[in-house]
Amino acid sequence: MAVSSTLSRLNLLPRPLLPYAVSTLRALKFRPRCAPLTSFSNSFSAHFSTPKSSAEPNTQIPGAPDDDFIVLGIETSCDDTAAAVVRSSGEILSQVVSSQADLLARYGGVAPKMAEEAHSQVIDQVVQEAIDKANVRETDLSAVAVTIGPGLSLCLRVGVRKARKTAGRFNLPIIGVHHMEAHALVARLMEKKLQFPFMALLISGGHNLLILAQDLGQYIQLGTTIDDAVGEAYDKTAKWLGLDLRRSGGPAIEELAREGDAKSIKFSIPMKQHKDCNFSYAGLKTQVRLAIKSRNIDAEIPISCANHQDRSSRADIAASFQRVAVLHLEERCERAIEWALNIEPSIKHLVVSGGVASNQYVRAQLDQVVKKNSLQLVCPPPSLCTDNGKSYLSSFA
Ligand code: KG4
Ligand code: ZN
């Protein structure tokens, strides 16, 4: 079978992190809290700082009451500073996101140094606001969860520093969370029927992953991108078309594409000849760039100032790009479903998450694919698809 070996990127941990973290959190309810380890590995390999004295996690503690713990989540992997407070039942008590929209628009993308500064400026305020809005005190928290990668290292550090500070002050354990794993597991917050094993298509600015989730911390990678992610292709297309990037490129393309003729430009579907589940968007980006050049579209002229003909030409490119970008997703999902059902015939759901999963066209097209295969599509609401503090807590719900 042409399925790659156990996912290496999601299995960064020496042992499955999440079951361990969850059961340790449960165990913590019955012991005095201990101080977090003082050194949180810079290489992010030590994901979960747990008291040295803690025994092997035991999920079957006799007489244990129902789990009820509250976790603060912090996320600074890219361009938004986010924090949330979530109860172990999955209830989101608060969510605060501070956007770097103006920086995005000014630099035409994420500038890591600027993003780091912006995170540093607002992180204290964002975390405080999340705690206040949740109507809890720091002493009510059981742990601090924080995104530790993948992401921009300068930015990730701001969140990790804040997590260490908060955890240190209140003697809480820190839980390091894998960015993409959180995108996959957030779906469990809103779809309580979602059981392992399930499939997930994770589509964001930096990643394109097709995985088979067998259990917490146990994933098989079915496909990944060999170059760019689909969100990157949306962002660059939007930039080259002179669109307003304040909400990032994806939503701008989605909106403009509604005005265009999706069949007007014949972009070719990537990797047709590769009978696997991998993705590639670099070639499609080049096709789009050439189409824009050949139509003399000037990105310096914002779409709001374009004349009717210019606008309609940009809309045709947006629509044609989107159609082919999503066709590529559809084709890979079809094949991945076939592969995954061979491994786990009991699969019932395909989760689609990550920023690009907010796109209505993407959802509608993928819905058709899963229905054809008698599966159900699970798409978190847009606010849970994009980066946010609460997605990092979903793993514990
Ligand atoms: O998951 P996310 O918030 O951050 C990363 O982990 O990258 O995803 C951000 C990506 C960006 O590329 C953005 O343009 C894209 O998600 N995105 C969309 C839409 N909303 C966000 N792409 C297409 N259509 C959308 N409506
Ligand atoms: Zn993300």
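Just so it is clear, the structure is predicted and the values come from calculations on it, not from any experiment.

*Asks:* Just to check I follow, could you spell out the site of ligand 1 for this structure?
*Replies:* Around ligand 1, the surrounding shell holds 20 residues, and the nearest of these are Gly-205, Asp-235, Gly-250, Glu-254 and Gly-355. Between ligand 1 and the protein, one listed contact pairs an oxygen atom with a backbone N or O atom of Gly-231 at 3.2 Å. Between ligand 1 and the protein, one listed contact pairs an oxygen atom with a backbone N or O atom of Gly-355 at 3.0 Å. A total of 550 Å² of accessible area belongs to ligand 1 in isolation, and the protein chains cover 90% of it. For ligand 1, the cavity whose grid points lie within 2 Å of the majority of its atoms is the largest pocket. Taken together, the elements giving at least two residues each to the shell around ligand 1 come down to helix H5 (179–185), helix H7 (230–240) and helix H8 (249–257). Here the element with the most residues in the shell around ligand 1 is H8; it accounts for four residues. A per-class count over the shell around ligand 1 returns three nonpolar, 14 polar and three charged.

*Asks:* Teacher, can you tell me more about the environment of Ile-175 here?
*Replies:* With respect to the helices, strands and loops of the structure, Ile-175 is situated in strand S6 (residues 174–178). Using a relative accessible area of 0% as the deciding quantity, one classes Ile-175 as buried. As for Ile-175 and Val-144, which are separated by 31 residues in sequence, their C-alpha atoms are 6.1 Å apart.

*Asks:* Explain the layout of surface pockets here, please?
*Replies:* The volume enclosed by the largest pocket comes to roughly 1300 Å³. Among the elements that make up the lining of the largest pocket, the one with the highest residue count is H7 (six residues). For the lining of the largest pocket, the domains that each give at least three residues are domain 1 (70–172) and domain 2 (198–388). Estimated volume of the second largest pocket: approximately 210 Å³. Lining of the second largest pocket is provided by 13 residues; of these, Asp-244, Arg-247, Ala-252, Glu-255 and Ile-303 occupy positions nearest its centre. Considering every element that reaches the lining of the second largest pocket, the biggest residue donor is H8, with four residues. Residue classes in the lining of the second largest pocket are distributed as five nonpolar, two polar and six charged.

*Asks:* I tried to follow the sheet that holds strand S7 (residues 198–203) on my own but got confused; where do I start?
*Replies:* A sheet is described by the order of its strands in space; here five strands give the open sequence S9-S8-S7-S10-S11, paired in mixed fashion. Looking along the sheet, the strands with just one partner apiece sit at the ends: strand S9 (218–224) and strand S11 (376–378). Each neighbouring strand pair of the sheet contributes to a mean axis angle of 25 degrees, computed without reference to strand direction. Judged from the four bridges that link them, S7 and strand S10 (residues 349–353) form a sheet pairing that is parallel. Note on S10: the bridge partner recorded for Leu-202 is Ser-353. Of the strands in this sheet, S7, S10 and S11 touch helix H11 (residues 360–372), which is tilted by about 150 degrees from S11.

*Asks:* How do you make sense of the side chain of Asn-359 when you look at a structure like this?
*Replies:* By the secondary structure assignment, Asn-359 is in the loop between S10 and H11. Within the structure, Asn-359 has its side chain in polar contact with the side chain of Tyr-234 (distance 3.5 Å). Polar contacts involving the side chain of Asn-359 include one to the side chain of Gln-322, which spans 3.0 Å. Those residues in contact with Asn-359 that lie beyond four places of it in its chain are Tyr-234, Glu-254 and Gln-322.

Calculation notes
- Residues numbered from 1 in each chain as written.
- Chains lettered and ligands numbered in written order.
- Predicted model: local features only at pLDDT ≥ 70, side-chain atom pairs only at ≥ 80, totals over all residues.
- Heavy atoms only, no water.
- Near = heavy atom within 4 Å.
- Polar contact = N/O pair within 3.5 Å; in protein donor to acceptor, adjacent residues only side chain to side chain.
- Areas by Shrake-Rupley, 256 points an atom, 1.4 Å probe, with all protein chains shown as cover.
- 1 Å grid on protein atoms, 1.4 Å probe; cavity = no way out; pocket = protein on both sides within 12 Å on 5 of 7 lines; lining within 4 Å.
- Sits in = over half its atoms within 2 Å of the grid points.
- Helix = DSSP H or I, 4+ residues; strand = E, 2+ residues; numbered from the N terminus.
- Nonpolar A, V, L, I, M, F, W, Y, C, P; charged D, E, K, R; others polar.
- Buried < 20%, exposed > 50% of the residue type's maximum accessible area, 1.4 Å probe, protein only.
- Points joined across faces, edges and corners; volume = space filled by probe spheres on them.
- Domains from an automatic or database assignment.
- Pairing = 2+ DSSP bridges.
- Axes fitted to C-alpha atoms, helices over the stretch in contact; angles between N-to-C directions.
- Contact = heavy atoms within 4.5 Å.

Nothing here speaks to function; it is all geometry.
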